[in-house]
Amino acid sequence: MRWSLSIPILVAALAAAVPAASAQEDACVQANPCEWYVVVGSTGFLESNWNWTAGDWLKLVVSNDDDVAHTVSIDGTAVSVQAGAIAEASSAPFQLAVGSYTLRDQPSGDTAKALAVKGDVVQYENGLTDAGTSSKGRIPGFEAPLAAAALVGLALVARRR
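Because the structure is predicted, anything quoted here is derived from the model rather than measured. (Residues numbered from 1 in each chain as written. Predicted model: local features only at pLDDT ≥ 70, side-chain atom pairs only at ≥ 80, totals over all residues. Heavy atoms only, no water.)

Visitor: What am I meant to see in the environment of T111 here?
Guide: Relative to the helices and strands, T111 resides in strand β10 (residues 111-117). Between the C-alpha atom of T111 and that of G44, which follows or precedes it by 67 residues, the distance is 7.6 Å. Ignoring anything within four residues of it in the chain, the contact list for T111 reads F45, T102, L103 and R104. (Helix = DSSP H or I, 4+ residues; strand = E, 2+ residues; numbered from the N terminus. Contact = heavy atoms within 4.5 Å.)

As structure tokens, this is what we get:
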């Protein structure tokens, strides 16, 4: 049968084009935002994750490690969280556009830079994409080569007819 080779290639190409269900489950959506944990103390910011994917829904969770109330805000946004002494508090869900942001802690006066990147933040942190609004630095996945292979396979089968 002439179609025996082209059908599996076509099925594989179509399967590669559909996003994985696990990727959709891990998405930071408004109903289930990703938690952005920030730990503050007497000297200011102690730890956090500073890179995010633009457009993902986030919830800023401030964990206060000392006995003085702290307020953490993100410049250019309405996000501000006040955490009492040795307490934890969180914001409502929000999104960041592509760009650089400054977090501010009061009363320490400490600041920290955060970055919202276009595309996947994990790819950015692994050097596979740039942080800007273009996708020029992105390394393509297997979808395009697999689709091309499927088309070549179909053309070869059609040619043998």
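Read on, since the account is not over.
Visitor: For this particular structure, what's the right way to read the packing of aromatic side chains?
Guide: The geometry of an aromatic ring pair comes down to the distance between the two centres and the angle between the two planes. This structure, assessed with the given rule, holds two aromatic pairs. Seen from their ring centres, W36 and W52 are 5.4 Å apart, and the 50° between their planes marks the pair as tilted. Here W36 is found in strand β1 (residues 34-41), whereas its partner W52 is found in strand β3 (residues 51-53), with 16 residues between them in sequence. (Phe/Tyr/Trp six-rings, centres within 6.5 Å; stacked < 30°, edge-to-face > 60°.)

Visitor: Please clarify how the state of the cysteines should be interpreted in this entry.
Guide: Working definition: the covalent bond between the sulfur atoms of two cysteines is a disulfide. A complete count under the given rule lists one disulfide for this structure. Here C28 pairs with C34 through a disulfide, and the sulfurs are 1.6 Å apart. Measuring handedness by torsion sign, the sulfur bridge of C28 and C34 sits at about -65° and is left-handed. Accessibility expressed as a relative area gives 21% for C34, which makes it partly exposed. (Disulfide = S-S within 2.5 Å. Buried < 20%, exposed > 50% of the residue type's maximum accessible area, 1.4 Å probe, protein only.)

Visitor: Is there a simple way to explain the pattern of salt bridges in this structure?
Guide: Any two side chains of opposite charge can pair, on the condition that their charged atoms come close. For the structure on display, the rule yields two salt bridges. Taking the shortest distance from any N to any O, the salt bridge between D75 and R104 comes out at 2.8 Å. Highlighted residues: D75 in the loop between β5 (70-74) and β6 (80-83) and R104 in strand β9 (residues 99-106), separated in sequence by 29 residues. A relative accessible area of 30% places D75 in the partly exposed class. (Salt bridge = Lys/Arg side-chain N within 4 Å of Asp/Glu carboxyl O.)

Worth remembering: the numbers are spatial, not functional.
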